[in-house]
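Close look at the chain arrangement
These are the residues of each chain, in order.
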Protein chains: 2
Amino acid sequence: MKSLPLSSIQLTEGLPQRMQRLVKDQVLPYQWDVLHDRVTGVAPSHCIENFRIAAGLAQGEHHGVVFLDSDLYKWLEAAAYCIELFGAEAQQGLAAQADEVCALIAQAQGPDGYINTYYTLKEPHGRFTNLQQGHELYCAGHLFEAAVAYCQATGKRAILDTACRFADYLARVFGTGEGQLPGYPGHQVAEVGLIKLCQATGNRSYLELAEYFIAQRGKQPHYFAQERQRPGYKDIFDAPVIRTPAYSQSHMEPVRQREAVGHAVRALYMYSAMADLAALTGSEALRQACGALYHSVTQRRMYITGAVGSTECGESFTVDFDLPNDTVYGESCASVGLMMFAARMAALTGEGQYYDTVERAFFNQVLGGISQTGREFFYVGPLAVNPAACRGNPGLAHVKPVRQRWFDVACCPTNIARTIMSIGRYAVGADEDTLYIHIPLACQIRTDRFAVALHTQYPFGDTLRLQVQERVQNLALRQSALAPIKALLVNGEARPLVALRGYLRLPGLRPGDVVEAAYDLTPRYVVSHPKVTANVGKAAVMRGPLVYCAEQADNGEGIACLRLPPVAAFTQRETFAGAGTVALMAQGTRAVFADREALHQDQLPAQEPAVITLIPYCLWANRGEGEMQVYLNLP
Amino acid sequence: MKSLPLSSIQLTEGLPQRMQRLVKDQVLPYQWDVLHDRVTGVAPSHCIENFRIAAGLAQGEHHGVVFLDSDLYKWLEAAAYCIELFGAEAQQGLAAQADEVCALIAQAQGPDGYINTYYTLKEPHGRFTNLQQGHELYCAGHLFEAAVAYCQATGKRAILDTACRFADYLARVFGTGEGQLPGYPGHQVAEVGLIKLCQATGNRSYLELAEYFIAQRGKQPHYFAQERQRPGYKDIFDAPVIRTPAYSQSHMEPVRQREAVGHAVRALYMYSAMADLAALTGSEALRQACGALYHSVTQRRMYITGAVGSTECGESFTVDFDLPNDTVYGESCASVGLMMFAARMAALTGEGQYYDTVERAFFNQVLGGISQTGREFFYVGPLAVNPAACRGNPGLAHVKPVRQRWFDVACCPTNIARTIMSIGRYAVGADEDTLYIHIPLACQIRTDRFAVALHTQYPFGDTLRLQVQERVQNLALRQSALAPIKALLVNGEARPLVALRGYLRLPGLRPGDVVEAAYDLTPRYVVSHPKVTANVGKAAVMRGPLVYCAEQADNGEGIACLRLPPVAAFTQRETFAGAGTVALMAQGTRAVFADREALHQDQLPAQEPAVITLIPYCLWANRGEGEMQVYLNLP
């Protein structure tokens, strides 16, 4: 089961398509301007300027965080997908900008292949002296991903050659051989990038380097501990948590890991590489580690929205069932990593169930990370927001009640952009003779083997009409746990709902055939495991893969006082965002307190009837600052 | 309305008396050993050793935090109360130890009167160069309080003379005159100590220095900001919050302050001094500030247990209604400060209502700060504890599921000890011809004007029998909002329940008269203001002034799943602690989940009958580690 080229999956309608157009029309141009330090009211990023200085095109010093280069790489990756998807429509400005970026990166590359503006400009003799914190391999990984994407999108090999020169250099530098550095990335993602580079070029040395990075990690003596002992070693970051081995998942060899710990983005990028390697090498040990880690993440440490990372301290996983709604970190990038890991688990196992997690993370946390204007972003994804507390309680300082225009550490905006642009890759797959629909998005699929059109308003609409055009052989339609198919028809004739490895299979389709599926999108209550103590007595509302939330904009002040009706009976209307998005309304109650002043009072509140309006979590915080809660009290 | 000498109020039974005996028999000897670095398993305190080195009796360096001297002063104050209360019984060992301490302090005193082992040993030329962080005036304040207490207890003037020499020195050093330092304490308490010193000696210069400290605070240019600009200035503490003016309530002049902000202990010690000064100087402006600050604390920023300080960051107040149960700080010392402030507000206004806050803080948070063995202490007072989360989530690292044997910063244990020992001063007061019973504790009161015996098991028992012995004139029995008197009899004859300024007044009592009062200790639900979002849909249970909580030891794992019955119908039994302490039991329900594994599940839990057992919050965490919650779900 492989993904298809993005160009063969054109989204045609619905929220994901609208978000892709937003990325094309608003997000990429806006980010281009930000990376060029020319957006009024946004602090200079210095990203492009650093490259220009490193390339000898400008004078000056490096400014910004050590991993700043990666912002440009992720922008380039998103731009590549945009060009691949939108073809001529994007050719004008964007393609020229992207070519300019590719040339700039190449000019910033050293003769040996090394690229990193921070070290080149600030610490030319410091390369790889601080693998734990220096992020050179992290930036490299994002470059590799971007280069592969851009070459696939445009056929232009220049950036791929740039990437390969860097990767070749890394392959010489790293390893356990004589004169090599026995280290590995402090922030994983090089592994994923190297695997893609191998797949794009056929050069197995890249795969071997990725394997080495995973195999070497966590061995004793601990590389990062040794690194800190070397003369001249300097910390780049102050926070002590960064120096703990678990933070970077180097506390034990990855193949022995069973629990999701440490920095959530690092973790999920690593698990993604492990799943890739398990598939490519057939390692049963890696496969078992991946299975256990997936279970640990999704059944013990993941929010209903697909947010992961329960604490701001180290942006990290904590312990099983520790899922506070208010102090949560839930970095947007971590949910991107979760999508990556889950999709790779599906590829590794051939099981469709993993796409439930892809949908959960994408439709809630990732889409929720960007405003409907495309110019504001969330880094942190809370499930309960009280703006006054966010401002007044330092323990909530990381939780912003409104999206921000940019960040000093700006990993999320470009990560969200590249993920939205590449959602087609997640939605559709194929093996030799079967087209897999993992996520039913409205799209036109056209390859040399398949040509079908999907008509649906999913995740808001509950029907799918799939028209077989010139080509298709067998179809596998994923049976989701979040939005189960309750009826399946081929040319009007009902078919049994028997799923095999998570897919309803329709063999032998012919041109002109029409497949219709009805999804159960009945709104439902979802409760947490009883050990998630803050949520006992409360429920969230889901409709298909979408998590809903109550906002002050719809419900007035005091949304904590709302109480859901005993059964999930909702009416629907379009949300403020229009375009077929669905708000849910129910007749619930609101707690009304006899004493409106006393901090502690003896009289229980009365319950008065109240209409409760819920909107999809991915649309929250688009109408100014206000309270928000995903979990509401039950009677 | 003044307090009576402690020696005239002998507690005779009940929990407070038991806790006083515990302090005498266990706490003071244990703390004596800890301060002498001779308790196995407890890291050396260095407290006494620092004094010995400063006194020239030993060789070595200063070790420990900059404010370590204050631990010994608070121990001495507690010892003084113990000697005053227990007379001959305590004379043996304790009096000799206390005399030794007094001599040691005097020997550590410089010829100019200055005492501080940290600066004397580590920074002899650094006196008063870091008022914001150096804590010299904080230590001085605790010395003054201890000296007054010891002189009152024993009649020995030596330590009072020592204190006065120090205070005289401070009066020369500080002020706005030529050559004086226009500074003020970084951590308040000197003000309270100076006022006591004035009252004990009649020397008004101490009162004037306290007035100056309050008047000078917060003026511009900001003293602490200027201090940091001086050549050679060094920070003692790293945390940036410490350098914010609000942290030390120096963001504006105290008389203009209306909201409780910053470090909670500093705040409440300062408000206490302000209330003292308002009473002593008649300042209407200070009185208004005190009233507003009291309202801000108790009606906007105080937990039901009398805990204050919603965040660990700066051990500080946050904003109105921000009262998280789990991430709370709620330092024991802050609740001691709250008792001090509230009692002074009662003295300032003549209103009894303020003693509701004294009772709330004492019977819950302060008594809960010490174990039933007297050898373990809480620094932080949470209202919800999940031990796994406390260990695994760094945002809860300050919350300990079990009391600790000691602390690096050990302000709380001795503060709790001195407060328990002096509770008689809070419980009883007098003006020229009236005896005030603020808190009905079982005791024998005997002065030249009053001689009465109070028989009660309060706060557990609901009756008071007061026998007029040889002397009493008028009695004022406080009518509490937490445990209202529902029947009042004199010699069996009912009296009207008409409270004047918070007191039921019984004039003209004669020897042999018997006053009986019945308190309403019916268990009741108490809910939070709706803006305390985490508590909507939940209630705490109170009985009189006692807050109750559910512990895992009684209710098994998963106490978050408990649901209280619709009305507060409880049966009673004695708790594990015996001695008339009351546990409450109710027939509630427990949420039982169909799926015991899934993190997110669609089926609402069933409610099964369950007996819920609650114990007083002040007795929690005496049976090993486990879950605890004050607020439980309501139907």
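In what follows, the accompanying structure is described. Bear in mind the structure is a predicted one, so any value in this text is a computation, not a measurement.

Strand order in the open sheet made by the 6 strands is β1-β4-β5-β9-β13-β12 (chain B), with mixed pairing throughout. At either margin of the open sheet sits one strand with a lone partner, and together these are β1 (2–3) and β12 (499–500) of chain B.

Residue-level contacts link 44 residues of chain A with 44 residues of chain B. Of all elements in the fold, only α13 (284–300), α16 (387–392), β15 (524–528) and β21 (600–601) of chain A reach the threshold of two or more residues within the side of chain A that touches chain B. The element that contributes the greatest number of residues to the side of chain A that touches chain B is β15(A), accounting for 5 residues. In the sheet, β15(A) pairs with strand β21 (residues 600–601) of chain B via 2 bridges, with the strands oriented antiparallel. Across the sheet, A:S528 pairs through a bridge with B:H600, a residue of β21(B).

A few words now on the relation of the copies chain A and chain B. The operation linking the two copies of the chain is a rotation about an axis combined with a translation along the axis. The two copies are related by a screw motion: chain A maps onto chain B through a turn of 180° and a shift of 0.0 Å along the axis, at an RMSD of 0.0 Å. Those values place the two copies in the arrangement expected of a two-fold rotation axis. Relative to the rotation axis, the closest C-alpha in chain A is found at A:P635, a distance of 3.2 Å. An overlap of 100% is found between the interface residues of chain A and their copies at the interface of chain B, pointing to a shared contact surface.

Before going further, it helps to spend a moment on helix α2 (residues 47–54) of chain A. Summarising burial for α2(A): 7 of the 8 residues are buried, a large majority. Along α2(A), the positions that sit buried rather than exposed are A:C47, A:I48, A:E49, A:N50, A:F51, A:I53 and A:A54.

Residues A:Q220 and A:P221 are joined by a peptide bond in cis, for which omega reads -5°. Relative to the elements of secondary structure, A:P221 occurs in the loop between α10 (204–216) and α11 (223–229). Cis geometry is adopted by the peptide bond preceding A:P459, which originates at A:Y458 and carries an omega value of 10°. Structurally, the position occupied by A:P459 is in the loop between β7 (451–456) and β8 (463–468). For A:R501, which is not glycine, the phi torsion reads 50° and is therefore positive. Positioned with a positive phi, B:F321 is a non-glycine residue whose angle comes to about 70°. With respect to the element layout, B:F321 can be found in the loop between α13 (284–300) and α14 (332–349). By C-beta crowding, B:F321 is classed as buried, having 21 other C-beta atoms within 10 Å.

Let us now look at the packing of helix α7 (residues 136–154) of chain A against helix α9 (residues 190–201) of chain A. Residues and elements named next belong to chain A. At a closest axis distance of 7 Å, the pairing of α7 and α9 adopts a crossing angle of 30°. Between α7 and α9, the crossing angle belongs to the class labelled roughly parallel. Handedness of the α7/α9 crossing: left-handed. Facing L137, Y138, A140, G141, H142, L143, F144, E145, V148 and C151 of α7, the residues of α9 in contact are A190, E191, V192, G193, L194, K196, L197 and A200. Here the contact of α7 with α9 is built from residues that sort into 12 nonpolar, 3 polar and 3 charged.

Criteria and thresholds
Residues numbered from 1 in each chain as written. Chains lettered and ligands numbered in written order. Predicted model: local features only at pLDDT ≥ 70, side-chain atom pairs only at ≥ 80, totals over all residues. Pairing = 2+ DSSP bridges. Helix = DSSP H or I, 4+ residues; strand = E, 2+ residues; numbered from the N terminus. Contact = placed C-beta atoms within 7 Å. Least-squares fit on C-alpha atoms with pLDDT ≥ 70 in both. Buried ≥ 20, exposed ≤ 12 C-beta atoms within 10 Å, placed from the backbone. Axes fitted to C-alpha atoms, helices over the stretch in contact; angles between N-to-C directions. Parallel < 35°, antiparallel > 145°, perpendicular 65-115°, else oblique. Left-handed = near helix turned anticlockwise from the far one by under 90°. Nonpolar A, V, L, I, M, F, W, Y, C, P; charged D, E, K, R; others polar.

Spatial relationships are all this shows, so hold off on functional conclusions.
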